Amino acid sequence: MVEKKKILVALAHPDDESFGMGGTLALYAQQGAEVHLICATRGEAGEVDPQFLEGFSSIAERREDELRCAATYLGLRKVHFLEYRDSGMQGSPDNLHPEAFINAPLEKVTEELVSYIRDFKPQVVLTFDPVGGYHHPDHIHIHNAAVKAFHAAGDANFDLNGSQPYQPEKLYFNIFPRGFIRTIVKIIKFFGMDTTRFGRNQDINLEALAGDADYPSHVIINYRKVGHLKDKASACHASQLDFGSQSPSLVNWLRRISGGKDRFMRAYPAADEGFTAKDLFAD
């Protein structure tokens, strides 16, 4: 009997799944893999145009609805929330909220993720890279917890309500090559835009990202044949698609610069130098 492929994704906010590795998730779901998403928060921080709150009691309710819409297009089997609050970008007032995700003890979040891993038993676990893609504190926190949980889940000495140890086979970080970022910075400067305050909330410092070291691309997933599903899932996050004064055509171009491919660094097992593959389940 062939073992069913299972993928567990640990991210921070609604839209992380679609704007990031959505193409990969849709591709594997279409191939029959069971994909579960853990979302740490409901994306309460930041601004949302009032028109998008019509019929919703809060930003959190709106953004959860957007995520569930996206999940149907991506083929996600289940979406699990950790019930924390969006912490906002580093230095924002949202950091101080007592329920902000970054204020949750790493040990507690790790235990929650271990519980999901032992229950679901995925072969593959996906999360952000060590800097959370663009230095978002919530992204970094879920990355740290996911890494600890990945290893703790298989540790017989890690007792969690009597649950049985289970060790996933592979851990990957979704990465975005910094060479792309450096090119983007040059183009944005050509348009006369501020590269230190990018995004709908002007909280992304592309200059800082351009200075980051590159992570290796061990696995490159070509998701072009399901690209339309990624686009539809992204469109579900309508409240996050308003980039204010920044050119919509430029933003659309930035979204497509990856060329229909997602890139992943294999964190476990450690990849040999020069290792590359086209499948997350490849040895």
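Caption draft 1: Structural view of the overall build of the protein. From N to C terminus, the protein includes 10 helices and 7 strands. By the compact-globule yardstick of 19 Å for 283 residues, the protein fits well, its C-alpha radius of gyration being 18 Å. C-alpha extents for the protein along the principal axes are approximately 55 × 45 × 35 Å. Going through the 283 residues of the protein one by one, you find that 52% of them count as buried. Contacts in the protein between residues at least 24 apart in sequence constitute 79% of all its contacts with a sequence separation of at least 6. As displayed, the protein offers around 13200 Å² of accessible surface, 51% of which is attributable to carbon and sulfur atoms. Seen as two clouds, the 31 positive and the 38 negative side-chain charges of the protein have centres 7 Å apart.

Caption draft 2: Local environment of the packing of helix H4 (residues 106-120) against helix H6 (residues 137-152). Where H4 meets H6, the axes come as close as 8 Å, and the angle between the chain directions of the two elements is 55 degrees. Overall, the two elements H4 and H6 adopt an arrangement that is oblique. The crossing of H4 and H6 is right-handed. Facing H4, whose interface residues are Leu106, Val109, Thr110, Leu113, Val114, Ile117 and Arg118, H6 presents His141, Ile142, Asn144, Ala145, Ala146, Lys148, Ala149, Phe150 and Ala152.

Caption draft 3: Here's a closer look at the nonpolar core. Judged by nonpolar contacts, the single largest core of 58 residues is most densely connected at Val9, Val109, Leu113, Leu126, Ile142 and Leu280. Among the nonpolar cores identified, the runner-up in size contains 10 residues, and Ile184, Met193, Leu206 and Ala210 belong to it.

Caption draft 4: Here's a closer look at the state of the cysteines. A complete count under the given rule lists 1 disulfide for this structure. Covalently, Cys69 is tied to Cys236 through a disulfide, its sulfur atoms 2.0 Å apart. On the sign convention where negative means left-handed, the S-S torsion of about -55 degrees between Cys69 and Cys236 marks this disulfide as left-handed. Within this pair, whereas Cys69 is found in helix H3 (residues 59-74), its partner Cys236 is found in helix H9 (residues 227-236), the two being separated by 167 residues in sequence. What makes Cys69 partly exposed here is its relative accessible area of 28%. A relative accessible area of 9% means that Cys236 is categorised as buried. Its sulfur unpaired, Cys39 is 14 Å from the next cysteine sulfur, which belongs to Cys236. Given a relative accessible area of 1%, Cys39 falls into the buried group.

Caption draft 5: Highlighting the environment of Ala146. Among the structural elements, Ala146 can be located in helix H6. Separated by 32 residues in the primary sequence, Ala146 and Val114 have C-alpha atoms spaced 8.5 Å apart. Excluding anything up to four places from it in sequence, Ala146 contacts Ala10, Leu113 and Thr127.

Caption draft 6: Structural view of the packing of H3 against H9. Contact geometry of H3 with H9 gives a least axis separation of 8 Å together with a crossing angle of 170 degrees. Judged on the interaxial angle alone, H9 and H3 are roughly antiparallel. Taking contact as the criterion, the partners of Glu66, Cys69, Ala70, Tyr73 and Leu74 in H3 are, on H9, Leu229, Lys230, Lys232, Ala233 and Cys236. Of the residues belonging to the contact of H3 with H9, the class tally is 7 nonpolar, no polar and 3 charged.

Caption draft 7: Spatial organisation of the packing of aromatic side chains. For the coordinates displayed, the defined rule picks out 4 aromatic pairs. Residues Tyr84 and Phe101 carry aromatic rings whose centres are separated by 5.2 Å and whose planes lie at 45 degrees to one another, so their mutual orientation is tilted. Placement of the pair is Tyr84 in strand E3 (residues 78-84) and Phe101 in the loop between E3 and H4, with a sequence separation of 17 residues. Grouping residues by exposure puts Tyr84 and Phe101 together as buried. Directly above the aromatic system of Phe281 lies the positively charged group of Lys5, at a separation of 4.9 Å from the ring centroid. Lying over the aromatic face of Phe81, Arg42 brings its terminal NZ or CZ to 4.1 Å of the ring centre.

Caption draft 8: Quick peek at the pattern of salt bridges. In the structure shown here, the tally under the stated rule is 12 salt bridges. A salt bridge links Glu66 to Arg62; its shortest N-O distance comes to 2.9 Å. Here Glu66 and its partner Arg62 are both found in helix H3, 4 residues apart, which amounts to about one turn of the helix. The residues Glu66 and Arg62 share a single accessibility class, namely buried. The partner of Glu112 in a salt bridge is Lys108, with the nearest N and O atoms 3.9 Å apart.

Quick notes on the rules
Residues numbered from 1 in each chain as written. Predicted model: local features only at pLDDT ≥ 70, side-chain atom pairs only at ≥ 80, totals over all residues. Heavy atoms only, no water. Helix = DSSP H or I, 4+ residues; strand = E, 2+ residues; numbered from the N terminus. Rg over C-alpha atoms; globule rule 2.2 N^0.38 Å. Buried < 20%, exposed > 50% of the residue type's maximum accessible area, 1.4 Å probe, protein only. Contact = heavy atoms within 4.5 Å. Areas by Shrake-Rupley, 256 points an atom, 1.4 Å probe, with all protein chains shown as cover. Lys, Arg positive; Asp, Glu negative; His and termini not counted. Charge placed at Lys NZ, Arg CZ, Asp CG, Glu CD. Axes fitted to C-alpha atoms, helices over the stretch in contact; angles between N-to-C directions. Parallel < 35°, antiparallel > 145°, perpendicular 65-115°, else oblique. Left-handed = near helix turned anticlockwise from the far one by under 90°. Core = buried A, V, L, I, M, F, W, Y, C linked by side-chain atoms within 4.5 Å. Disulfide = S-S within 2.5 Å. Nonpolar A, V, L, I, M, F, W, Y, C, P; charged D, E, K, R; others polar. Phe/Tyr/Trp six-rings, centres within 6.5 Å; stacked < 30°, edge-to-face > 60°. Lys NZ or Arg CZ within 6 Å of the ring centre and 35° of its normal. Salt bridge = Lys/Arg side-chain N within 4 Å of Asp/Glu carboxyl O.

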